[in-house]
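What follows is each chain in one-letter form.
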Amino acid sequence: KGRWDHDHGTMMGHNIVPNATSAIKMMLPAIPAFINIAALTARRGCVSNHYGWILRARMTSSNGNGAENEKQDRFNEMEHRNWEQGYEAYDQGFGPLTRQTIPTLLENSGFPPAGGEERTIRLLDVATGPGFVLSTAIDATQSTTNKNQQSFHLTGLDITQNFLTLASQRIDAQLQQQQQSKQISVDFVEGSAESLPFPENTFDSIVCNFGILHFFNPRLFLRESYRVLRPGGKVSFSAWAPPTRTEGFNIALESITEAGNPNVDGLPEGPKFFDFGDSEQAMAVLREIGFEDVNSIELSEMKWNNVQNGAMLYGVLLNGTSRTREVLLGQTAEDAAAIQSLMVKKYNSITDGGKQPLSMPALVTSGQKPF
């Protein structure tokens with residue numbers, strides 16, 4: 001699937017052999033079944049910069065297509081660079097908005113299950129970001145009416161160390177504060193969604209909250225999800241509705257087009273940002289891969305309540321995004337000022353001077369791997 005990045009080939013101070021498949025096979029018998037972050041914290045005194053057990057498995061493409069690989073590397077470098085610096089702005093600016101999809105996302109992924117055999121239920125959260133999905137999943141395990149003695153293992157995967165640190169701190173604090181009625185363990189993996197570093201048939205549920213918008217090859221992520229899901233397992237992912245209906249993005253795109261330059265030099269090529277905001281297209285891709293019981297639900301009532309004015313909207317998009325950030329940074333000083341000014345005017349017009357929140361509908365699309 002790829003090769004290991006030797007700059008990140010360490011785990012808890014030990015070297016990892018530079019082969020993904022053999023590394024996984026070697027580690028599975030050696031590592032205690034699954035490490036509970038709270039327990040690890042108690043032993044070590046802090047999570048430290050290892051964020052619990054974090055498997056660092058960043059991979060790069062090796063498909064033999066040099067030009068395509070170069071495009072992918074440039075796109076992935078942009079995403080990694082911007083999320084390493086923008087993790088806090090995303091957490092604070094987008095967090096209250098993106099959390100609104102999570103209950104539907106988990107429900108449509110079949111997590112937690114309503115019943116079933118007594119075994120460990122495994123959830124993978126791809127592009128885990130600040131850990132919002134994992135936090136909600138932990139709460140969901142405690143409220144389930146399933147009386148079987150199931151345990152739960154949750155894994156968060158991201159390309160960004162700062163996001164993984166933030167997520168692990170959030171989850172660690174949550175586990176220490178709550179008295180768990182069910183056995184829960186959590187780990188974090190630094191790795192690519194397009195080359196998931198897990199064996200086949202591993203997870204019961206895979207979720208991805210708006211991460212699919214940031215993958216160079218989203219279809220490859222869905223194929224990888226199919227591979228690592230157990231038979232009968234489900235994948236569920238969210239994506240924004242088209243910009244004509246997501247008011248925050250529409251304000252930005254219109255303002256950049258009218259007052260600035262939407263085609264800045266050096267912007268890496270990537271997939272269309274709103275592809276999976278088309279329910280028919282999103283479901284067709286899942287069916288193509290082999291998923292069954294495919295479904296897409298629009299959450300039309302989502303509101304961006306925490307963005308209170310146009311200047312704040314500009315700041316969140318500048319500091320808490322990737323591609324939009326690149327476009328805004330690529331403007332001249334004069335154009336940047338004009339874009340911000342126009343965004344303020346458009347925000348005030350749409351929201352009646354901030355009296356109404358921005359409408360930001362999203363789609364949650366899901367499918368099941370056949371038994």
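Further up the page is the structure itself.
Residues numbered from 1 in each chain as written. Predicted model: local features only at pLDDT ≥ 70, side-chain atom pairs only at ≥ 80, totals over all residues. Heavy atoms only, no water.

Draft legend 1. Looking closely at the side chain of Ser185. Mapped onto the elements, Ser185 comes out in strand β8 (residues 184-191). You can call Ser185 buried: its relative accessible area is 10%. Among the polar contacts made by the side chain of Ser185, one reaches the side chain of His153 at a distance of 2.9 Å. (Helix = DSSP H or I, 4+ residues; strand = E, 2+ residues; numbered from the N terminus. Buried < 20%, exposed > 50% of the residue type's maximum accessible area, 1.4 Å probe, protein only. Polar contact = N/O pair within 3.5 Å; in protein donor to acceptor, adjacent residues only side chain to side chain.)

Draft legend 2. Summary view of the pattern of salt bridges. In the structure shown here, the tally under the stated rule is 10 salt bridges. A salt bridge links Arg170 to Asp91; the nearest nitrogen and oxygen atoms lie 3.3 Å apart. Separated by 79 residues along the polypeptide, Arg170 in helix α7 (residues 161-177) and Asp91 in helix α3 (residues 66-93) bring together distant segments of the chain. With relative accessibility at 23%, the residue Arg170 sits in the partly exposed group. For Arg227, the salt bridge is made with Glu224, and the minimal N-O distance between the two is 2.9 Å. Of the two residues, Arg227 and Glu224 are both situated in helix α8 (residues 218-228); the distance of 3 residues between them amounts to about one turn of the helix. When its relative accessible area of 18% is taken as the criterion, Arg227 is described as buried. Note on Glu224: relative accessible area 2%, which makes it buried. Overlapping salt bridges, with partners in common, bring together Glu77, Arg81 and Glu326 in one network. (Salt bridge = Lys/Arg side-chain N within 4 Å of Asp/Glu carboxyl O.)

The values are spatial; any link to function lies outside them.
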